[in-house]
Amino acid sequence: MKAASKTLDKPPRQKRIFLWFLANTLLITTLALLLQAWTTKHRLRFIPPSWGVSAILYAQEKAWGMGPGGNESGLIIYQLPSEFSAQLTSIGPQFLITRTEAVQSPGGSKIRSSYHSWRETPIANEPWLCGTETCPEPGKLSITNYLGRYGHGIALPNQLTDEINLVISTPGTFYAINAVGALLVSPKNGKAYFVYSG
């Protein structure tokens, strides 16, 4: 009689497996959502908060090694609020100067990631983009040269490569660099592009 009651109290094997599977699925889903939220927050650190950017349209980042001697390359594309794009088109780079407070770098330092000296495209002879070589004439610049300048690059879809090459080679985009990378702001496209390679 006691053996029979023990059997009745124990959930069937299929139910235990289902509960175990459900618990693990919930745990993995929660961890994935937390990682996604942290990654989004990290990527938004490269944009001044006063710009009101909340949407990331595309991101590709790769790292080879860690610490001194490590290399990393990346591209993050942000959706600019339409009002911000309209004001930037109307006012020009002065609008960015008044709306660009220091942003936090991944280590938390604000000074390291401040953007100064906003310039307008097309990009001419800029050491950060062309390295030690003289830049080719506008219209022949390629973002892939910058992303792969240390021998470790990322392969972008052709459509994105063409889009960014047009942005850096034609008038109407504003850009600034900091210790981490370069921020290209295109009000015409309604996008900001953060690129880095180091």
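Residues numbered from 1 in each chain as written. Predicted model: local features only at pLDDT ≥ 70, side-chain atom pairs only at ≥ 80, totals over all residues. Heavy atoms only, no water.

Description of the overall build of the protein chain
Next up, step 1: Each helix and strand in the protein chain was counted, giving seven helices and six strands.
Next up, step 2: The proportion of buried residues among the 198 residues of the protein chain is 36%.
Next up, step 3: Long-range pairs, those at least 24 residues apart, make up 60% of the contacts in the protein chain with a sequence separation of at least 6.
Next up, step 4: Carbon and sulfur atoms make up 60% of the accessible area of the protein chain, which amounts to about 11,800 Å² in all. (Helix = DSSP H or I, 4+ residues; strand = E, 2+ residues; numbered from the N terminus. Buried < 20%, exposed > 50% of the residue type's maximum accessible area, 1.4 Å probe, protein only. Contact = heavy atoms within 4.5 Å. Areas by Shrake-Rupley, 256 points an atom, 1.4 Å probe, with all protein chains shown as cover.)

A word on the side chain of Thr121
Next up, step 1: Within the secondary structure, Thr121 sits in the loop between β3 (116-120) and α5 (127-130).
Next up, step 2: Here Thr121 falls in the buried class, since its relative accessible area comes to 4%.
Next up, step 3: A polar contact of 2.5 Å, which involves the side chain of Thr121, links it to the backbone oxygen of Thr170. (Polar contact = N/O pair within 3.5 Å; in protein donor to acceptor, adjacent residues only side chain to side chain.)

Here's the deal with the nonpolar core
Next up, step 1: Ranked by internal contacts, the top residues of the largest apolar core, which has 39 residues, are Trp51, Leu75, Trp118 and Leu183.
Next up, step 2: Taken together, the elements giving at least two residues each to this core come down to β2 (71-79), α3 (82-91), α4 (93-98), α6 (143-147), α7 (158-169), β4 (174-177), β5 (182-186) and β6 (191-197).
Next up, step 3: The element that contributes the greatest number of residues to this core is β6, accounting for five residues. (Core = buried A, V, L, I, M, F, W, Y, C linked by side-chain atoms within 4.5 Å.)

Looking at unusual backbone geometry
Next up, step 1: Note the cis peptide between Thr121 and Pro122, where omega equals 10 degrees.
Next up, step 2: Within the element layout of this structure, Pro122 appears in the loop between β3 and α5.

As for the environment of Glu163
Next up, step 1: With respect to the helices and strands, Glu163 occurs in helix α7.
Next up, step 2: The spatial distance from the C-alpha of Glu163 to the C-alpha of Asn189 is 9.5 Å, given a sequence separation of 26 residues.
Next up, step 3: Glu163 has contacts with Asn189, Lys191 and Tyr193, leaving out every residue within four places of it along the chain.

Let's talk about the packing of aromatic side chains
Next up, step 1: The final tally for this structure, using the stated rule, is five aromatic pairs.
Next up, step 2: Relative to Phe84, the ring of Trp51 has its centre 4.8 Å away and its plane inclined at 35 degrees; by these criteria the two rings are tilted. Of this pair, Trp51 sits in the loop between α2 (13-44) and β1 (55-64) while Phe84 sits in helix α3, placing them 33 residues apart in sequence. Per residue, the accessibility class of Trp51 equals that of Phe84, and both read buried.
Next up, step 3: A network of ring pairs unites the aromatic residues Trp51, Phe84, Phe95 and Trp118 as a single cluster. (Phe/Tyr/Trp six-rings, centres within 6.5 Å; stacked < 30°, edge-to-face > 60°.)

Some thoughts on the pattern of salt bridges
Next up, step 1: Inspection of the entire model under this criterion finds one salt bridge.
Next up, step 2: The residue Glu163 makes a salt bridge to Lys191 at a minimum N-O spacing of 3.0 Å. Of this pair, Glu163 sits in helix α7 while Lys191 sits in strand β6, and the two are 28 residues apart along the sequence. Pair check on accessibility: Glu163 and Lys191 agree, each one buried. (Salt bridge = Lys/Arg side-chain N within 4 Å of Asp/Glu carboxyl O.)

Section: the sheet that holds β6
Next up, step 1: Taken in spatial order, the six strands line up as β1-β2-β6-β5-β4-β3 in an open sheet, and their pairing is antiparallel. Edge positions in the sheet fall to β1 and β3, since each of these pairs with one other strand and no more. Across this sheet, the average inter-strand angle for adjacent strands is 15 degrees, counted without regard to direction.
Next up, step 2: Pairing of β4 with β5 involves four bridges; the strand directions are antiparallel. Pairing of Ile177 across the sheet is with Ala182, part of β5.
Next up, step 3: Sheet contacts for α7: β1, β2, β5 and β6; angle to β6, the most-contacted strand, approximately 100 degrees. (Pairing = 2+ DSSP bridges. Axes fitted to C-alpha atoms, helices over the stretch in contact; angles between N-to-C directions.)

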